[in-house]
Structure formats: C-alpha cells, structure tokens
Amino acid sequence: DSILYSPLWEIQFRSGVGKVPSMLAEVGALGGVALLAFFSAILYAGRDVLNYKEHNLKRVLLVSSFVGTLYLWAMTIVYAPGYLTFALAVFFTGILVASVGLVKETPLFEVLLNKNTKKGMVMYVVAFILLAGAVCSVYIFGVKYLASYQYTKAITEATSRNNIDGANATLNSAIYLDPRDLYLRSASEIGILKLGKILSSIDDIKKVTEEEKAQFRETLKGAVLMAQEAVKKDPQNPDNWMQLGRIYEAILPFDEKGIKDALIFAYSESFRVSPRDPRPLLALARVENQIGSEDKAIAYLDEAIKIKKDFTPAYIMRADI
C-alpha cells in the first residue's frame, strides 16, 4: 500500500531484494541447494586465503581474487545487476579457484588429445562439446545484444524522427532475432501509430479506396497479431494484456464483430494479473463510457479509487461522466 502512494507506483519490479534471492524463488529447492553449496564453497576457499602467510605473488592473487569474488557475488545478492557484473564475478571466481589450487599444490593431470587412446578420444569429445557450448553461448548473447540494439534504434526512429515505417522495419528485425514480448508489444504500438497515420490521410471516410481499405486491414491484422504474440510470450505481464486492449479499443468505433467482448476480456485479464494496479479499471471505465454504459463505468472508477485514493484520472473521468 505504501508503494501505491509513492512516485514508484507504476514501476514493475522484475526482481526482489536482489538477483540471487530472486533466483532462489525461481529455480526451486534443488537449484537453491546448488546455489547455497556454491557460495559455501567460496567461503570455504577463504580459509585457504587466510591461512596463507607468505608475502609473494601467490598471496596477491589469493587476496585480490577472494575479495573481488566476495564483493561481486555480494552485489548479486543485494542488487539486481546486469550481465557484466555476473561475467566479472565468474571471472574472479575462476582466478580464485586457480590461485587456491596453486597454493595447495593440487595435483594436475594432462590428457594428450593427439594420442589415439580411449581416454584421449573421450576427452576430445568432451572438449568439442564444451567448445561448441561456448560458441553457442556467445552466439545467443550476440544475437540478443543485436536485437536490443535494433530495438533501441527503432524507438529512436519512431520518437525522434517520426519515421514510423523505418521504425517498423527495424523493430521487425529485432523480433526476428529475439521475439521478446517487449519488442512485440512495441511493434503493436507502432501498428496503432500506422493506423492513425492511414486514417489522417483519408479526407472523406465515404470515399475510401479499396487500396486504402486493404492497407488498413493489413496494418490492423499485424498490430493485433503482435499484441497477441506478446500475450502468448508472457501472459503474466499485465502490460501485454493492456497493449492488446489498446489495439481493440483503437478499432472499437468501427464496431468490429466481437471486439467489445475481446476488449473487456483483455483489460480484465490485465487487472487479474496485477490487482493492485488501477489503470486497467480506468481503461474498462473508458470503454463502458464509450458504449454508453455510464453506470458500469462509474462502478469501475469507484473500484479504482478504492485501490488508489489519489488516482486523479479516475476522479476526472468520474466528474466528466
């Protein structure tokens, strides 16, 4: 309740107190045991760091890698950092493992892959699998980064340069690389802008050409499809349902068959997923007001005000009705 009356009330938090505690809720009991075992092993390695009394390069490696490892993993516990912090944490952990092994003089063994032996062939296959996995990982992250770059470029095209067609093409490239619900939702929003652009270019609605009708239907179909795909990708994200509702609301004046029911369902699902958010109720009230159901609209607005007593848009709409 306190968040609802703060400037952060519209923010969707993607993690809890930190990334690792959120992971404990996501990976289940077995994953939680694995995480605890991992951190316990790091703390156990600290014993070797503290017991090493020699003042040489090995001590420098031990202390620096241990402090760096503790600091970076602590960051993942109390914050929700990005990939770079995780990569550095893994890097320092690797140095710590190697340093402890060097100090304890852990026995090492080598396998010559060029020897035509059973062990050599097995290790050759294992090495190939590890290398292939590393290459695939780099490829996947590279594709996601490129998709993110394309998405940012598309938003810039749409907002700064008002180049709707260019933004749509760039965003489609991002979706092809990484079909995230955020990209699909944005593509649907650009579809709404394209619909508005088509309608603004028509001087007389009674003299619409067949070409303009076909363009309108194709753009509408694409916008609806993108919003539906976003919902399929993550039905627990209320923004996806709100976007689908906005698409249907944009074409409500055209009285498309079944649009009203689909529209109310989309906004209702958004409220079901996020019951402490009054915005879906405001949208439902707006729809009911458009179709002449003022009493239902006022009921939705009253419910929104119960959730957030300083929700100004609900008061304004209620006064207008």
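Refer to the preceding data block for the structure.
Here's what I pulled together on the structure shown here.

Rules used throughout
Residues numbered from 1 in each chain as written. Predicted model: local features only at pLDDT ≥ 70, side-chain atom pairs only at ≥ 80, totals over all residues. Heavy atoms only, no water. Helix = DSSP H or I, 4+ residues; strand = E, 2+ residues; numbered from the N terminus. Rg over C-alpha atoms; globule rule 2.2 N^0.38 Å. Buried < 20%, exposed > 50% of the residue type's maximum accessible area, 1.4 Å probe, protein only. Contact = heavy atoms within 4.5 Å. Expected span 1.5 Å × (residues − 1). Salt bridge = Lys/Arg side-chain N within 4 Å of Asp/Glu carboxyl O. Phe/Tyr/Trp six-rings, centres within 6.5 Å; stacked < 30°, edge-to-face > 60°. Lys NZ or Arg CZ within 6 Å of the ring centre and 35° of its normal. Core = buried A, V, L, I, M, F, W, Y, C linked by side-chain atoms within 4.5 Å. Axes fitted to C-alpha atoms, helices over the stretch in contact; angles between N-to-C directions. Parallel < 35°, antiparallel > 145°, perpendicular 65-115°, else oblique. Left-handed = near helix turned anticlockwise from the far one by under 90°. Nonpolar A, V, L, I, M, F, W, Y, C, P; charged D, E, K, R; others polar.

1. A word on the overall build of the chain
- Secondary structure summary: the chain contains 13 helices and 0 strands in total.
- Written out in order from the N terminus, the α and β elements of the chain read α-α-α-α-α-α-α-α-α-α-α-α-α.
- Its C-alpha radius of gyration of 28 Å places the chain more than 25% over the 20 Å reference for a compact globule of 321 residues.
- Seen through its C-alpha atoms, the chain measures out along the principal axes to roughly 85 × 50 × 35 Å.
- Classification of the 321 residues of the chain by burial places 34% in the buried group.
- Within the chain, residue pairs in contact and separated by at least 24 positions form 57% of the contacts whose partners lie at least 6 positions apart.

2. Focus: the side chain of Thr76
- Here Thr76 lies in helix α3 (residues 57-78).
- For Thr76, a relative accessible area of 0% corresponds to the buried category.
- Setting aside residues up to four positions removed in sequence, Thr76 forms contacts with Gly18, Lys19, Val20, Pro21, Pro81 and Phe86.

3. Describing helix α6 (residues 164-177)
- When the terminal C-alpha atoms of α6 are compared, their 20 Å separation across 14 residues agrees well with the 20 Å that a helix rising 1.5 Å per residue should span.
- In this structure, the buried residues of α6 make contact with α5 (118-159), α7 (181-200) and α8 (210-233).

4. Considerations on the pattern of salt bridges
- Tallied over the entire structure, the rule returns 13 salt bridges.
- The shortest N-O distance in the salt bridge between Asp181 and Arg185 comes to 3.6 Å. Of this pair, Asp181 and Arg185 are both found in helix α7, 4 residues apart, which corresponds to roughly one turn of the helix. The burial state of Asp181 is the same as that of Arg185; both residues are buried.
- Where Glu249 meets Arg286, a salt bridge forms, and the shortest distance between an N and an O atom there is 2.6 Å. Residue Glu249 is located in helix α9 (residues 238-250), and its partner Arg286 is located in helix α11 (residues 279-290); the two are separated by 37 residues in the primary sequence.

5. With respect to the packing of aromatic side chains
- Using the criterion set out here, one finds 8 aromatic pairs in the structure.
- Ring geometry for Phe39 versus Trp73: centroids 5.7 Å apart, planes at 80 degrees, classification edge-to-face. Placement of the pair is Phe39 in helix α2 (residues 28-51) and Trp73 in helix α3, with a sequence separation of 34 residues.
- Overall, the relative accessible area of 11% leaves Trp73 in the buried class.
- Both rings, one in Trp73 and one in Phe86, keep their centres 6.1 Å apart while their planes meet at 80 degrees; by these two values the pair is edge-to-face. Taken together, the residues Trp73 in helix α3 and Phe86 in helix α4 (residues 83-103) connect sequence positions 13 residues apart.
- Three or more aromatic residues link up through ring pairs in this structure, and these residues are Phe38, Phe39, Trp73 and Phe86.
- Sitting over the ring of Tyr183, Arg180 keeps its end group 5.2 Å from the ring centre.

6. A word on the nonpolar core
- Counting residues in hydrophobic clusters, the biggest one holds 41 residues, and the most contacted among them are Leu244 and Tyr267.
- Where this core is concerned, the elements lending two or more residues are α7, α8, α9, α10 (259-273), α11, α12 (294-307) and α13 (312-320).
- When residues of this core are assigned to their parent elements, the largest contribution, 7 residues, is made by α10.
- Those residues within four positions of Tyr267 in sequence are excluded, and the remaining contacts are Met242, Gly245, Arg246, Glu249, Pro280, Ala283, Leu284, Arg286 and Val287.
- Formed by 14 residues, the second largest nonpolar core is a distinct cluster that contains Ala167, Ile175, Tyr183 and Ala187.

7. Quick look at α11
- Here α11 contains 12 residues, and its C-alpha end-to-end distance of 17 Å stays within 8% of the 16 Å for a straight helix at 1.5 Å per residue.
- Turning to α11, its buried residues number three or more, namely Pro280, Leu281, Leu282, Ala283, Leu284, Ala285, Val287 and Glu288.
- The inward-facing, buried residues of α11 abut α9, α10, α12 and α13.
- Trailing α11 by a residue or two, Gly292 shows a phi angle of about 90 degrees, which is positive.

8. Comments concerning the packing of α9 against α10
- Interhelical geometry of α9 versus α10 gives an angle of 160 degrees and a closest axis separation of 8 Å. By the angle class used here, α9 and α10 are roughly antiparallel. Here α9 runs over α10; the crossing is left-handed. Across the interface between the two elements, Pro238, Trp241, Met242, Leu244, Gly245, Arg246, Tyr248 and Glu249 of α9 pack against Ile259, Ala262, Leu263, Phe265, Ala266, Tyr267, Glu269, Ser270 and Val273 of α10.
- Split into classes, the residues belonging to the contact of α9 with α10 amount to 12 nonpolar, 2 polar and 3 charged.

That is the geometry; function is a separate question.
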